[in-house]
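# Summary of the model geometry
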Amino acid sequence: MPDSDSSAKQVYDGHLRPFEQRLAVAWPPERWLDSGVLVAFSGGADSTALVAALAALAKTQAQRRSPSDATDAAREPIVAAHFNHRLRGAESDADARHCVEASQGLGVPCVVGEGNAATLAGEQGDGLEAAARDERYCYLETTAARLGLRYLATAHTLDDQAETVLQRVLRGTGPAGLAGIPRVRSAADGMIGLVRPLLGIRRREVLEYVDACGLPYRTDASNADVRFTRNRIRHELLPQLTRDYNPQLVESLGRLATQADELREIIAGLVAPLVERAVVREDAVSCELDCRALREVPRHLVREVLIAVWRRRAWPEQAMGFAEWDRLAAAVQDNDEATTFMLPGTVRAQKKGA
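Residues numbered from 1 in each chain as written. Predicted model: local features only at pLDDT ≥ 70, side-chain atom pairs only at ≥ 80, totals over all residues. Heavy atoms only, no water.

### Some points on the environment of isoleucine 78
How we decide: Here a helix means four or more residues in a row that DSSP labels H or I, a strand means two or more in a row labelled E, and each is numbered from the N terminus. Contacts were defined at the residue level, with two residues in contact if any of their heavy atoms lie within 4.5 Å.
Counting through the fold element by element, isoleucine 78 comes out in strand β2 (residues 78–84). Residues isoleucine 78 and tyrosine 151 lie 73 residues apart in sequence; the distance between their C-alpha atoms is 9.6 Å. Excluding residues within four positions of it along the chain, isoleucine 78 makes contact with Trp32, Val37, Val39, Leu54, Ala55, Ala58, Val108 and Pro109.

And the structure:
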């Protein structure tokens, strides 16, 4: 559907469409209606579908409940949130206006935050994408907490999951990376639940829904910019692999992510006690491990322990590949008296003794 700045019309007409029914199964409104949800709203087709479908579910649920059932009648059950990075000038501002108008048409309040494009000016390609994502999530999580909303929902689809898994394979990921985008996780403060209820739904189903409902949506031109690795995978590599090798590739990668996520949970259960046993001191900038606690541990678990410690310190992780993690694990387990070397992100690894 072409871009439009006009208000979205009401989608709810007294019954649930198939797309809304699928969403209700994936994320039943009983789980989120009373706690409230902030929906990340870019104005694109995916987030438009999520806001509209959640609004329809909320209205259906409200018809089935008595007024006394609501735990917090003063709080909106759904709030849309748009973050304007101001990277595309007038187009970015038009996106923000569209989100406000579209939300109003759906009976959903919308809040808008703004970034400072100058703070991202030094980034290019995937670095820019990562920096913008971090800025956006910081705003979303802070806003959800301020409004007293328990959940933050994003509109990632099964296609997004497939792209993520494929991108990580190309970069050289391990089993944990194959899990792709988690369906549910805690946000940075641990109080807000981040949920991706469309993760099992194809993008084409989203487009069918918004078109059938007559919902206008915006198209971000930067999503077609092949300077970004993710866009090259989306527009070039994944279509070619689907066409020439496996028509069900997106679904296959989605199943792989699900299985890898199950494996990740098992590994996390093994790693947690090892981390607690090995870490002897940590502060804002450093972490000290007792290598003896890990000497007899299988190498693959030592790597996972180091990854867990690294993430706990929030050190830069993007440039850490298998070779770097394995070198660090080898330093932990060998018997050399001392060694010092640098790792990506200007992190220094130092072993002081056997």
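Continuing now.
### Overview of the sheet that holds β2
For clarity, the threshold we go by: When DSSP locates at least two bridges between a pair of strands, those strands are taken to pair. Inter-axis angles, ranging from 0 to 180 degrees, are taken between N-to-C directions of lines fitted to C-alpha atoms, where helices are fitted over the stretch in contact.
The strand order across the open sheet formed by six strands is β3-β2-β1-β4-β6-β5, and the pairing between neighbours is mixed. Unpaired on one side and paired on the other, β3 (110–114) and β5 (184–186) mark the two borders of the sheet. When the angles between neighbouring strand axes are averaged without regard to direction, this sheet yields 25°. Here β2 pairs with β3 via five bridges, running parallel. If you follow alanine 81 over to β3, its bridge partner there is valine 111. Those strands touched by helix α4 (residues 90–105) are β2 and β3, and its axis lies near 170° from that of β2.

### Brief notes about a nonpolar patch on the surface
Applied cut-off: Here a patch means residues that are over 30% exposed by relative accessible area and free of salt bridges, tied together within 9 Å if like-charged and within 5 Å if nonpolar (Val, Leu, Ile, Met, Phe, Trp, Tyr). Under the convention used here, a 1.4 Å probe and the Shrake-Rupley method define accessible areas, while residue burial counts only the protein chains that appear. Whenever a carboxyl oxygen of Asp or Glu lies within 4 Å of a side-chain nitrogen of Lys or Arg, that contact is scored as a salt bridge. For every residue, the accessible area obtained with a 1.4 Å probe (protein chains only) is divided by the maximum for its type, and the residue is called buried under 20%, exposed over 50%, and partly exposed between those limits.
Residues Leu263, Ile266 and Leu270 make up a contiguous nonpolar surface patch of about 280 Å² in total accessible area. Tracing the chain through its elements places leucine 270 in helix α9 (residues 249–278). Assessed through its relative accessible area of 46%, leucine 270 is described here as partly exposed.

### Some remarks on the packing of aromatic side chains
Note the following rule: Aromatic pairs are defined between Phe, Tyr and Trp rings, using the six-membered ring for Trp, whenever the two ring centres lie within 6.5 Å; interplanar angles under 30 degrees are classed as stacked, those over 60 as edge-to-face, and all others as tilted. For a Lys NZ or an Arg CZ to count as sitting over a ring, it must be within 6 Å of the ring centre and within 35 degrees of the ring normal.
Per the stated rule, a full pass over the model turns up six aromatic pairs. Between phenylalanine 19 and tyrosine 209, the ring centres sit 4.4 Å apart and the planes meet at 20°, which makes this aromatic pair stacked. Taken together, the residues span a long stretch of sequence, with phenylalanine 19 in helix α1 (residues 18–26) and tyrosine 209 in helix α7 (residues 203–213) at a distance of 190 residues. Phenylalanine 19 gets classed as buried once you look at its relative accessible area, which sits at 7%. According to the relative accessible area criterion, tyrosine 209 is buried, its value standing at 4%. Through successive ring pairs, a cluster of aromatic residues spans Trp27, Trp32 and Tyr151. A cation over an aromatic ring shows up here: arginine 150 above the ring of tyrosine 151, its NZ or CZ 5.2 Å from the ring centre.

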